[in-house]
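Now for the letters of each chain:
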Amino acid sequence: MTRKGRRLVLIAAGLGVLALAAGLILSALNDTIVFFRTPTEVAQQQVAPGSRLRLGGLVETGSVTKAGTVTTFTVTDGNGTVKVAYSGILPDLFREGQGVVAEGVLEADGSFRADSVLAKHDEKYMPREVADALKKQGVWKEGENGAPVPARPAAAANTGS
């Protein structure tokens, strides 16, 4: 084999090893590349307790309670709910019925212990992934001028609240 032929074989082998390594890395990260998971996805995928993840959805109306520095609330996507406990100062814009992404650990009892809570930054903003997931569930609709507005449950719409 000539010198040029050996060089081409070496380059081809190196590219093959590099492609194999990239494929293995991407397949290993396949389940963790998600920005967040909805409560329904957490239930369907049977996420193992102790797993770190981001949980996204709407803060359920009437679910926020505070006990000292610990705030508990329920995140919903319309089909599923997950109870969240957060110790710390919540963002100023955190409130019931608004979009939220909580980062933390899923507990053995199915609840979620959040390390941080991210809330929307103005009345028109909702993380695209959260809005898309809520639209898929039928819980989200477009308001005036294309501004996103969470769909209110029928009971809340009838009471005028």
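Residues numbered from 1 in each chain as written. Predicted model: local features only at pLDDT ≥ 70, side-chain atom pairs only at ≥ 80, totals over all residues. Heavy atoms only, no water.

Once that is clear, we can look at helix H3 (residues 128-137). Residues of H3 that are buried include every one of Val130, Ala131, Ala133 and Leu134, and no others. Down the axis of H3, the sector holding all buried residues measures 165°, keeping them to one side. Of the residues in H3, the exposed ones pointing more than 90 degrees away from the buried face are Arg128 and Lys136. One or two steps after H3, the chain reaches glycine 138, where phi turns positive at roughly 80°. (Buried < 20%, exposed > 50% of the residue type's maximum accessible area, 1.4 Å probe, protein only. Helix = DSSP H or I, 4+ residues; strand = E, 2+ residues; numbered from the N terminus. Arc of directions from axis to C-beta.)

The next thing to look at is the side chain of threonine 72. Tracing the sequence through the fold places threonine 72 in strand E3 (residues 70-76). By relative accessible area, threonine 72 is classed as buried at 18%. At a separation of 2.4 Å, a polar atom in the side chain of threonine 72 contacts the side chain of threonine 65. (Polar contact = N/O pair within 3.5 Å; in protein donor to acceptor, adjacent residues only side chain to side chain.)

Let us look at the nonpolar core. One finds Leu55, Phe73, Val84, Phe112 and Val117 to be the most contacted residues of the largest nonpolar core, which totals 18 residues. For this core, the elements supplying multiple residues, two or more each, are strand E1 (52-59), E3, strand E4 (81-87), strand E5 (99-106) and strand E6 (112-119). With sequence-adjacent residues up to four places away left out, valine 117 is seen in contact with Phe73, Tyr86, Leu90, Pro91, Phe94, Val100, Val101 and Ala102. Counting 6 residues, the second largest nonpolar core, distinct from the first, contains Phe36, Leu58, Val101 and Ala133. (Core = buried A, V, L, I, M, F, W, Y, C linked by side-chain atoms within 4.5 Å. Contact = heavy atoms within 4.5 Å.)

The topology assignment puts leucine 55 in strand E1. Separated by 59 residues in sequence, leucine 55 and alanine 114 have C-alpha atoms that sit 9.0 Å apart. The contact partners of leucine 55, leaving out residues within four places of it in the chain, are Phe36, Arg37, Thr38, Pro39, Val42, Val75, Val82, Val84, Val100, Val101, Ala102 and Phe112.

Moving on to the pattern of salt bridges. Enumeration over the complete set of coordinates arrives at 3 salt bridges. Residues aspartate 115 and arginine 52 are paired through a salt bridge, measuring 2.6 Å at the closest nitrogen-oxygen approach. One end of the pair, aspartate 115, is in strand E6; the other, arginine 52, is in strand E1, and 63 residues separate them in sequence. You can call aspartate 115 partly exposed: its relative accessible area is 41%. A residue is classified by how much of its surface remains accessible, and arginine 52, at 54% relative accessible area, is exposed. Among the salt bridges present, the one from glutamate 103 reaches arginine 54, with a minimum N-O distance of 3.4 Å. Placement of glutamate 103 in strand E5 and of arginine 54 in strand E1 is noted, with a sequence separation of 49 residues between them. (Salt bridge = Lys/Arg side-chain N within 4 Å of Asp/Glu carboxyl O.)

A word on the side chain of threonine 74. In this structure, threonine 74 sits in strand E3. A relative accessible area of 10% places threonine 74 in the buried class. Non-local contacts of threonine 74, meaning those with residues more than four positions away in its chain, are made with Leu58, Val59, Glu60, Ser63, Thr81, Val82 and Lys83.

Read these as spatial facts, not as claims about activity.
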